[in-house]
Amino acid sequence: QYSPDSVAGADGELDPTAVTFPGCSCRRSSCQLPECPCLARGHNYSSQGLRLAEQQEQPFSRPVFECNSLCSCGEGCHNRLVQRGLQLRLQVFRTRSKGWGVRALQPIPRGSFVCEYAGEVLGFAEAQRRSQAQNPEEPNYIIAVREHLHDGRVMETFVDPTRIGNVGRFLNHSCEPNLVMVPVRVDSMVPKLALFAATDICAGEELCYDYSGRFCNLPAASREGKPQEEENSLRKPCYCGSSMCASFLPWDSSLFSTP
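Cut-offs used in this document
- Residues numbered from 1 in each chain as written.
- Predicted model: local features only at pLDDT ≥ 70, side-chain atom pairs only at ≥ 80, totals over all residues.
- Heavy atoms only, no water.
- Helix = DSSP H or I, 4+ residues; strand = E, 2+ residues; numbered from the N terminus.
- Pairing = 2+ DSSP bridges.
- Contact = heavy atoms within 4.5 Å.
- Polar contact = N/O pair within 3.5 Å; in protein donor to acceptor, adjacent residues only side chain to side chain.
- Buried < 20%, exposed > 50% of the residue type's maximum accessible area, 1.4 Å probe, protein only.
- Core = buried A, V, L, I, M, F, W, Y, C linked by side-chain atoms within 4.5 Å.
- Salt bridge = Lys/Arg side-chain N within 4 Å of Asp/Glu carboxyl O.

For the chain, an unreviewed UniProt entry supplies the name SETMR methyltransferase and the organism Polioptila caerulea.

Visitor: Can you tell me about unusual backbone geometry, naming the residues and giving the values?
Guide: In this model, Leu 33 is joined to Pro 34 through a cis peptide bond whose omega is 5°. Secondary-structure assignment places Pro 34 in the loop between strand 1 (7–8) and helix 1 (37–40). For Ser 247, which is not a glycine, the phi torsion comes out positive at approximately 80°. Considering the arrangement of structural elements, one finds Ser 247 in the segment after strand 14 (208–209).

Visitor: Explain the pairing of strand 10 (residues 154–160) to me, and be specific about the residues and the numbers.
Guide: Inspection of the sheet shows strand 8 (residues 120–122) paired to strand 10 by 3 bridges, in the antiparallel sense. Counted as the bridge partner of Glu 120 is Asp 160 from strand 10. When strand 9 (residues 143–148) meets strand 10, the two strands line up antiparallel, connected through 6 bridges. Bridging from a neighbouring strand, Arg 146 pairs with Glu 156 of strand 10.

Visitor: An account of the environment of Tyr 117 is needed here, citing residue identities and associated values.
Guide: Residue position: Tyr 117 is located in the loop between strand 7 (113–116) and strand 8. Each C-alpha atom of the pair Tyr 117 and Gly 165 lies 7.7 Å from the other, and the pair is 48 residues apart in sequence. In contact with Tyr 117, not counting residues within four places along its chain, are Ser 6, Tyr 141, Ile 143, Val 159, Pro 161, Asn 166, Gly 168, Arg 169, Met 181, Leu 193, Leu 195 and Tyr 209. From its side chain, Tyr 117 meets the backbone oxygen of Tyr 141 in a polar contact 2.5 Å long.

Visitor: Let's hear about helix 3 (residues 124–133): which residues, and what values?
Guide: By the burial criterion, the buried members of helix 3 are Glu 126, Ala 127, Gln 128, Arg 130 and Ser 131. The inward-facing, buried residues of helix 3 abut strand 8 and strand 10.

Visitor: How would you summarise the environment of Met 244 if you had to cite specific residues and measurements?
Guide: You can see Met 244 is positioned in the segment after strand 14. Measuring from C-alpha to C-alpha, the distance between Met 244 and Glu 176 comes to 6.9 Å, with 68 residues separating the pair along the chain. Discounting residues that sit within four places of it in the chain, Met 244 has contacts with Cys 175 and Glu 176.

Visitor: Account for the nonpolar core, with residues named and values stated.
Guide: Ile 108, Val 114 and Leu 207 are the most contacted members of the largest nonpolar core, which totals 23 residues. Contributing elements (two or more residues each) for this core: strand 6 (100–104), strand 7, strand 9, strand 12 (179–185) and strand 13 (192–197). Counting residues per element, this core draws most heavily on strand 13, which supplies 3 residues. Core analysis: the second largest hydrophobic core is formed by 12 residues, Leu 50, Val 64, Val 182 and Ala 198 among them.

Visitor: Could you give an account of the pattern of salt bridges, with specific residues and numbers?
Guide: A complete count under the given rule lists 11 salt bridges for this structure. Glu 116 is the salt-bridge partner of Lys 192, the closest N and O atoms lying 3.6 Å from each other. Of this pair, Lys 192 sits in strand 13 while Glu 116 sits in strand 7, and the two are 76 residues apart along the sequence. For Lys 192, a relative accessible area of 17% gives the class buried. Taking the shortest distance from any N to any O, the salt bridge between Arg 146 and Glu 156 comes out at 2.9 Å. Of the two residues, Arg 146 is situated in strand 9 and Glu 156 in strand 10; the sequence distance between them amounts to 10 residues. Looking at Glu 156, the relative accessible area reads 36%, which means it is partly exposed. Three or more residues are tied together by salt bridges with common partners; here these are Glu 120, Glu 126, Arg 129, Arg 130, Asp 160 and Arg 163.

In structure tokens:
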């Protein structure tokens, strides 16, 4: 079932459509600092989209908060980007060795929002149950996103587009990707998993991101480790074709291990 936005999972633990953030009272058509509390919360967009260079230069990237449905600013506010959804011409196509993939049908400048990775937002228990119920040969669409806070806490988000999702579920992994995933918050603390162009992308180029989360992040941010011998059978080969290819798709055993 196609859905442009994430929905509450069958476990009912999290509702991504709930509005829990207060809105700003800005009367401008486009919010500005320092008046707007939404902009003051974190990282802001430039006229070209996300400021990727600034994020890489900081030990920790600032969070991204967009103006929301309770804000007084207009729909044309520059702090409303990911919530507008897909604006680019993309095509799902059959690749030579990776199954389905997604390519751009137009040039995409660096920093541009491309699409969201939408699906069912799950709690850890349901995400783990679904992962362990899969056969090794089945494709695994469940993504676990971990945000490392400055005080050492880790916020986890699990999204499963297996049954309900959007074009993002067809994006392939690359060890040298042209997209980067960034959690963006609009109405609540449940983030939208937004994919931005990490470089200038040409028309016809396949769109890929790094499933491990290492790309554009500190090395310690990834929980991928050397898998146990019994886990090797669950790993899938990588066909990204990059000179930096790690031979296998990223592996994170947290949803498969039992306490």
